[in-house]
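# Observations on the model geometry
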Amino acid sequence: MVRDSFYTPTVLADKLINFAIKKDFNSVADFCVGDGELLRAAKLRWPQIKCTGSDISEDAILKTRQEHPDWELCQMDFLNPDLRLGASILNKQQRYDLILLNPPFSCIGGTIYTVEFEKELFQASKAMKFLVTALQYLEPNGALYAILPTSIAYSQKDKKLWGMLEKKHNLSILEEPKTQYFKGCAPNVILVSVNDFSQTSQFKNITRISLDFQQLAVFRGKISMDQVRPNGGSKYLVHSTNVRNNKIVNLSLKINKPLSEVSGPAILLPRVGKPNPTKICTITKEETYVISDCILAIKTPSIKEARILYRYFIDNWELIENMYKGTGARYITIDKINQFLNLDISDTYNYQRVKAI
Ligand SMILES: C[S@@+](CC[C@H](N)C(=O)[O-])C[C@H]1O[C@@H](n2cnc3c(N)ncnc32)[C@H](O)[C@@H]1O
């Protein structure tokens, strides 16, 4: 099964549908229908609803058609405008009351797509392109509900379109589920509504950096201190106790652990423990360390950006400190940092892949 085909668990499909409080939807469409979980959830809620779906996978369409012979289904690449023009489910100015989506997220590969929205061209992620393209087929009084990767709400890539959809279509984050529903690969998700003017976004106050950085990548150390053994390696190990007064000090142990190696330019900051601004430091491109799993590195394209970022973290320490959660040992997550830095989650995945090769 490819990464983009992680189907929605029934419990999450039901959760999404429960946000649609309007009573009288007559038609519903899912343009990446997979095995039809979202349409099934809609049919359970509104038994009279007419179900329509498309998917790029012929196999998915064949199987779903066998299960649901009364649904109108077609095989199509929904992002291809020529195919959409010729598709039976989209011709005759077809519009739907309700659109449900769990589009492909593509967590690897930072491909940027171009999308037209209200006669303007925008850059967007694949999930955002799906969302905006689907909106063209929504009845003016209809509503769209979707499961999207969390990064869509804060990545640089989708920022402009996200803002426009918020303004013009009341794009609202309905929930950020705590459970990791798509195990093994997919990033965290948010549930959103578009064009449902009865909703209010639940997450308006996401803390974000006010600087515009490009090409940052967040990396977490992969070796826990209780696994550390001298193994004749050539790189110094940096643990949180090795950062004092914003400098790396008292290095003593050299080990070999390529998956946990980080080279500058970067800033290092503690992942766990009492948040403390003196535990942040920069490293230059000449420096390579193995970092413990109590340390996070934010890689920057140049030392200049590392220094600006370092200064920003120190000067805005209260913001950073508040991102450390937990009642016992406090910790910060990669997701939180990505969100703070307006990063797309794929940047992190890419960096980890490159390190792993
Ligand atoms: C994450 S799954 C979701 C499936 C289903 N909507 C659900 O919620 O269970 C994404 C689906 O998108 C389909 N897909 C990927 N790229 C597509 C494209 N360009 N056009 C149409 N469907 C696509 C995949 O085959 C897959 O079935």
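Look up a bit, the structure's there.
Remember, predicted model here, so these are calculated numbers, not experimental data.

### Some details on the site of the ligand
For the ligand, the set of nearby residues contains 20 residues, the closest of which are Y7, T8, C32, G34 and N102. Of the residues contributing to the shell around the ligand, the split by class is ten nonpolar, five polar and five charged.

### A short note on the pairing of strand β11 (residues 235-238)
As defined by bridge partners, β11 adjoins strand β14 (residues 254-255) across two bridges and the pair is classed as antiparallel. The residue of β14 that forms the bridge with K235 is I255.

### Focus on the packing of helix α1 (residues 10-17) against helix α2 (residues 37-45)
Following both chains from N to C, one finds α1 and α2 inclined at 55°, their axes separated by 9 Å at the closest point. One finds that α1 runs oblique with respect to α2. The two elements α1 and α2 meet at a crossing, and its hand is right-handed. Counting all contacts with α1, which are made through T10, A13, D14 and I17, the residues of α2 involved are E37, L38, A41, A42 and R45. Classifying every residue of the contact of α1 with α2 by side-chain character gives five nonpolar, one polar and three charged.

### Description of the nonpolar core
Soluble globular proteins tend to pack their nonpolar side chains together in the buried interior. Counting residues in hydrophobic clusters, the biggest one holds 56 residues, and the most contacted among them are A42, I99, L100 and L101. Each residue touching L101, except ones within four places of it in the same chain, is listed here: D30, F31, C32, F130, L131, A134, L144 and A146. Among the nonpolar cores identified, the runner-up in size contains 32 residues, and L216, F219, C281 and Y310 belong to it.

### Some words on the sheet that holds strand β16 (residues 266-270)
Strands sit in the order β10-β19-β16-β17 across an open sheet of four strands; the sheet is antiparallel. If you trace the sheet from one side to the other, it starts and ends with β10 (217-220) and β17 (281-283), each paired once. Averaged over all pairs of adjacent strands, the angle between their axes in this sheet comes to 25°, without regard to strand direction. Where β10 lies against strand β19 (residues 295-299), four bridges are found, and the strand directions are antiparallel.

### Digging into the environment of K222
If you trace the backbone, K222 turns up in the loop between β10 and β11. For the pair K222 and V290, spaced 68 residues apart in the sequence, the C-alpha separation amounts to 8.7 Å. For K222, the residues in contact, after removing those within four places along its chain, are L259, S260 and D293.

### Section: helix α6 (residues 159-169)
Of all the residues in α6, the buried ones are L161, W162 and L165. Buried residues of α6, viewed axially, fall in a sector of 105°; they line one side. Exposed and oriented more than 90 degrees from the buried face of α6 are G163, K167 and K168. Packed against the buried residues of α6 are β5 (113-117), β6 (120-124), α5 (126-135) and β9 (189-194). One or two residues past the end of α6 sits N170, with phi positive at roughly 50°.

### Describing helix α3 (residues 58-67)
All of the buried residues in α3 are A60, I61 and T64. Projected down its long axis, α3 carries its buried residues within an arc of 95°, all on one side. Seen from the buried face of α3, the exposed residues on the opposite side, beyond 90 degrees, are E58, D59, L62 and Q66. Each element contacted by the buried residues of α3 is listed here: β2 (50-55) and β3 (72-75).

### Focus: the sheet that holds strand β15 (residues 261-263)
The strand order across the open sheet built from four strands is β14-β11-β18-β15, with neighbouring strands paired in mixed fashion. Looking along the sheet, the strands with just one partner apiece sit at the ends: β14 and β15.

Rules used throughout
Residues numbered from 1 in each chain as written. Predicted model: local features only at pLDDT ≥ 70, side-chain atom pairs only at ≥ 80, totals over all residues. Near = placed C-beta within 6 Å. Nonpolar A, V, L, I, M, F, W, Y, C, P; charged D, E, K, R; others polar. Pairing = 2+ DSSP bridges. Helix = DSSP H or I, 4+ residues; strand = E, 2+ residues; numbered from the N terminus. Axes fitted to C-alpha atoms, helices over the stretch in contact; angles between N-to-C directions. Parallel < 35°, antiparallel > 145°, perpendicular 65-115°, else oblique. Left-handed = near helix turned anticlockwise from the far one by under 90°. Contact = placed C-beta atoms within 7 Å. Core = buried A, V, L, I, M, F, W, Y, C linked by C-beta atoms within 7 Å. Buried ≥ 20, exposed ≤ 12 C-beta atoms within 10 Å, placed from the backbone. Arc of directions from axis to C-beta.

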